[in-house]
Amino acid sequence: MSNAPISRRNFMQQSALWAAAFAGAGTMGTGQALAAREKELNILCWEGYNSAQVLDPFRSSRGATVKAESLTNDPTMINRLRAGETSIWDLINVNNPWARKIMLPEKLIKPLDRAKFEPFFEKMMPAFKPPYKWAMDDSGQQLIGMAQRFGPYSFVVNTDKVSRATAEDQGWNLWNDAGNAGKYGILESDDWNVFCLCCIAGFDPFKPHSDDEVAKFTETAKRVFKGAKLVGDIAAMNQALVAGEIDFHLTGGTYSASPARADGHPEIRGVTPKSGPLEGGKGGIAWIEITSVVNNPTLSPLAEDFLAYVQAPDVAHTVAFAEGTYNPVAQMGNPDCYKLFSKEELDAIQWDSLEEEMGRSVEYDIVPDYDKLLDIMTAAKREASGG
């Protein structure tokens with residue numbers, strides 16, 4: 001997922017610290033380096049996998065040193081591998097298209113033992129049964145990662161202000177209604193904000209765009225940011241929704257609404273439009289995280305061990321409800337995992353409508369002209385803030 005602006009972290013500084021910390025490994029022979037890493041594991045991931053709730057039992061049972069760094073942007077994580085950090089990380093956890101379309105072709109990750117790991121997919125929810133597209137290479141022969149957390153992610157409403165039915169019917173046109181200016185917020189999340197603005201403008205973000213569509217995107221970005229009451233993070237959006245300061249916000253869904261719902265605010269609800277400009281006339285977008293083994297020349301033998309560890313029903317439940325936000329996991333297809341979720345937890349992740357909303361969504365993909373649209377959006381945001 002993507003839930004915060006990149007500027008919240010000094011990525012270059014952090015990368016330098018990691019490189020320095022592990023520089024010694026490069027001076028060893030391959031055999032020595034591999035031996036030195038038998039009790040060491042480094043994970044680059046979204047929040048949740050870096051939680052002590054998830055990592056501490058693994059550390060204890062293996063007597064291992066496990067370091068996990070959580071970032072908030074897929075391209076940034078991938079660029080760190082491109083910059084040479086394949087020698088640091090053992091696992092990388094990003095959204096669904098990046099393993100298949102970018103990291104495997106660039107040899108940043110390596111395939112998994114299909115006989116060992118594909119049986120885990122048999123116990124997942126039906127949509128993830130093997131061979132699962134995003135966990136496979138283009139040929140359909142190589143298994144390149146494991147699925148776990150997922151969810152629909154379009155926008156969020158306070159149903160006391162905008163009913164679920166109205167939000168689902170109007171969809172992205174909520175932002176095209178001039179009467180809604182000043183009633184909504186924008187959750188800072190660059191890639192997802194680009195997706196949403198394309199949908200508001202009336203076209204599919206995941207296809208090449210004409211000059212007319214780029215012009216429409218520009219106009220839409222300026223208008224939407226100008227009409228926002230606030231721009232901020234998940235906490236700011238949920239606080240404003242609960243307080244009645246805003247009626248709805250983009251971008252959002254189960255992932256962002258879940259903390260408020262878990263705190264006793266069921267009126268805060270992620271919404272997937274019934275229809276929209278996406279492929280097949282669908283109205284929403286869904287994300288699926290894929291965790292892959294990095295093509296590290298001195299890969300830790302604990303990498304595959306950890307991938308198997310997080311498939312266990314109790315650990316999968318912990319991952320679903322790790323710190324910060326709460327999400328469904330593919331392992332809920334296993335009755336032994338599903339039964340661990342309380343009624344309140346199922347309500348927090350909107351289990352009642354999950355299948356329906358996923359069916360209305362296309363899956364997260366790569367925007368062909370993302371850099372151009374991001375520049376336009378950034379300029380519109382700056383202009384709206386008076387910067």
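See the structure printed just above.
Source: prediction; values computed, not measured. (Residues numbered from 1 in each chain as written. Predicted model: local features only at pLDDT ≥ 70, side-chain atom pairs only at ≥ 80, totals over all residues. Heavy atoms only, no water.)

1. A look at the pairing of strand E8 (residues 248-253)
Regular strands place their side chains on alternate faces of the sheet. Across the 6 residues of E8, 6 count as buried, placing the element largely inside the fold. Here strand E5 (residues 146-158) runs beside E8; their pairing, made up of 5 bridges, is antiparallel. Opposite Tyr-153, over in E8, you have Gly-253 as the bridge partner. (Buried < 20%, exposed > 50% of the residue type's maximum accessible area, 1.4 Å probe, protein only. Helix = DSSP H or I, 4+ residues; strand = E, 2+ residues; numbered from the N terminus. Pairing = 2+ DSSP bridges.)

2. Some thoughts on the pattern of salt bridges
One pass over the structure, following the stated rule, counts 25 salt bridges. With its nearest N and O atoms 3.2 Å apart, the salt bridge here joins Glu-85 to Arg-80. By relative accessible area, Arg-80 is classed as buried at 5%. We note a salt bridge from Glu-188 to Lys-381, for which the minimum N-O separation is 3.8 Å. (Salt bridge = Lys/Arg side-chain N within 4 Å of Asp/Glu carboxyl O.)

3. Observations regarding the environment of Val-367
Mapped onto the fold, Val-367 is located in the loop between strand E11 (361-363) and helix H17 (370-384). Judged by relative accessible area, Val-367 falls into the buried class, the value being 5%. In this structure the C-alpha to C-alpha distance between Val-367 and Val-293, which are 74 residues apart in sequence, comes to 25 Å.

4. Here's the deal with the packing of helix H6 (residues 114-122) against helix H12 (residues 302-309)
Relative orientation and spacing of two packed helices are given, respectively, by the angle between their axes and the distance between those axes. With their axes 11 Å apart at the nearest point, H6 and H12 run at an angle of 15° to one another. In terms of axis orientation, H6 runs roughly parallel to H12. Between H6 and H12 lies a crossing whose hand is left-handed. Two secondary-structure elements touch here, H6 through Lys-116, Phe-117 and Phe-120 and H12 through Glu-304, Leu-307 and Ala-308. Class assignment of the residues belonging to the contact of H6 with H12 gives a composition of 4 nonpolar, no polar and 2 charged. (Axes fitted to C-alpha atoms, helices over the stretch in contact; angles between N-to-C directions. Parallel < 35°, antiparallel > 145°, perpendicular 65-115°, else oblique. Left-handed = near helix turned anticlockwise from the far one by under 90°. Contact = heavy atoms within 4.5 Å. Nonpolar A, V, L, I, M, F, W, Y, C, P; charged D, E, K, R; others polar.)

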